[in-house]
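# Observations on the three-dimensional arrangement
Spelled out, the chains give:
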Amino acid sequence: MDDEKIVQLYWDREDADECVNDAYMSAWSSMPPHRPGILSAFLGKIVRNLSLNRYRRNTAAKRGGGEAPAVLEEIGELVSGRDSVEQEIDRRELVRAVDAFLGGLPAEKRCIFVCRYWYFDSISDIAARFQMTENHVSVTLNRLRAKLCRDLKERGFDL
């Protein structure tokens, strides 16, 4: 989905003001302890997390339809599910390891991975964007997930 379509979705929905206000409030609450190096990335992460939380709340009783459940299930195999304060250092190391993994990929594969697991693009949208078959995109993503899993295990992460 391109930027214009995303912006139009904000204008098409009644709760657009609420979403914007939530993003501002979250940024306001987060900035005193954190000093973002890149404001756009910082705000993008906030908006993405707020959107995922809203999506989970809105679809808690009725799974299906969107890409988020499929994407979260695909990548969820790489996460051990431990969410405690004591794991913050491990989380930061994991982020660095994933960044290093992505930095070592060829540009096209990195873009495919990010389109799927950051932007939640559908397999068909990715295939169209990169002029590939859907099967080729699926196979590429499976191989990248397996490679990431091996890489993380080699770095000592318990998956």
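Residues numbered from 1 in each chain as written. Predicted model: local features only at pLDDT ≥ 70, side-chain atom pairs only at ≥ 80, totals over all residues. Heavy atoms only, no water.

A word on a nonpolar patch on the surface. Nonpolar side chains collect at one region of the surface, where Met-31, Leu-39 and Leu-43 lie side by side and expose about 230 Å² of accessible area between them. Relative accessible area serves as the criterion here: at 32%, Leu-43 is assigned to the partly exposed category. (Patch = residues over 30% accessible without salt bridge, like charges linked within 9 Å, V, L, I, M, F, W, Y side chains within 5 Å. Areas by Shrake-Rupley, 256 points an atom, 1.4 Å probe, with all protein chains shown as cover. Salt bridge = Lys/Arg side-chain N within 4 Å of Asp/Glu carboxyl O. Buried < 20%, exposed > 50% of the residue type's maximum accessible area, 1.4 Å probe, protein only.)

With that out of the way, let us pick up the packing of helix α6 (residues 107-117) against helix α7 (residues 123-130). Two elements in contact, α6 and α7, have axes separated by 10 Å at closest approach and are oriented at 150 degrees. Relative to α7, the element α6 lies roughly antiparallel. The handedness of the crossing between α6 and α7 is right-handed. The residues of α7 that touch α6, namely those facing Glu-108, Cys-111, Ile-112, Cys-115 and Arg-116, are Ile-123, Ile-126, Arg-129 and Phe-130. For the contact of α6 with α7, the per-class residue count stands at six nonpolar, no polar and three charged. (Axes fitted to C-alpha atoms, helices over the stretch in contact; angles between N-to-C directions. Helix = DSSP H or I, 4+ residues; strand = E, 2+ residues; numbered from the N terminus. Parallel < 35°, antiparallel > 145°, perpendicular 65-115°, else oblique. Left-handed = near helix turned anticlockwise from the far one by under 90°. Contact = heavy atoms within 4.5 Å. Nonpolar A, V, L, I, M, F, W, Y, C, P; charged D, E, K, R; others polar.)

The subject of this paragraph is α7. What sets the pattern is the α-helix's 3.6 residues per turn: residues three or four places apart point alike. By the burial criterion, the buried members of α7 are Ile-123, Ile-126, Ala-127 and Phe-130. The arc that holds every buried residue of α7, seen down its axis, measures 100 degrees, which confines them to one face. On the buried face of α7, the contacting elements are α6 and α8 (134-154). Following α7 by one or two positions, Gln-131 adopts a phi angle in the positive range, close to 55 degrees. (Arc of directions from axis to C-beta.)

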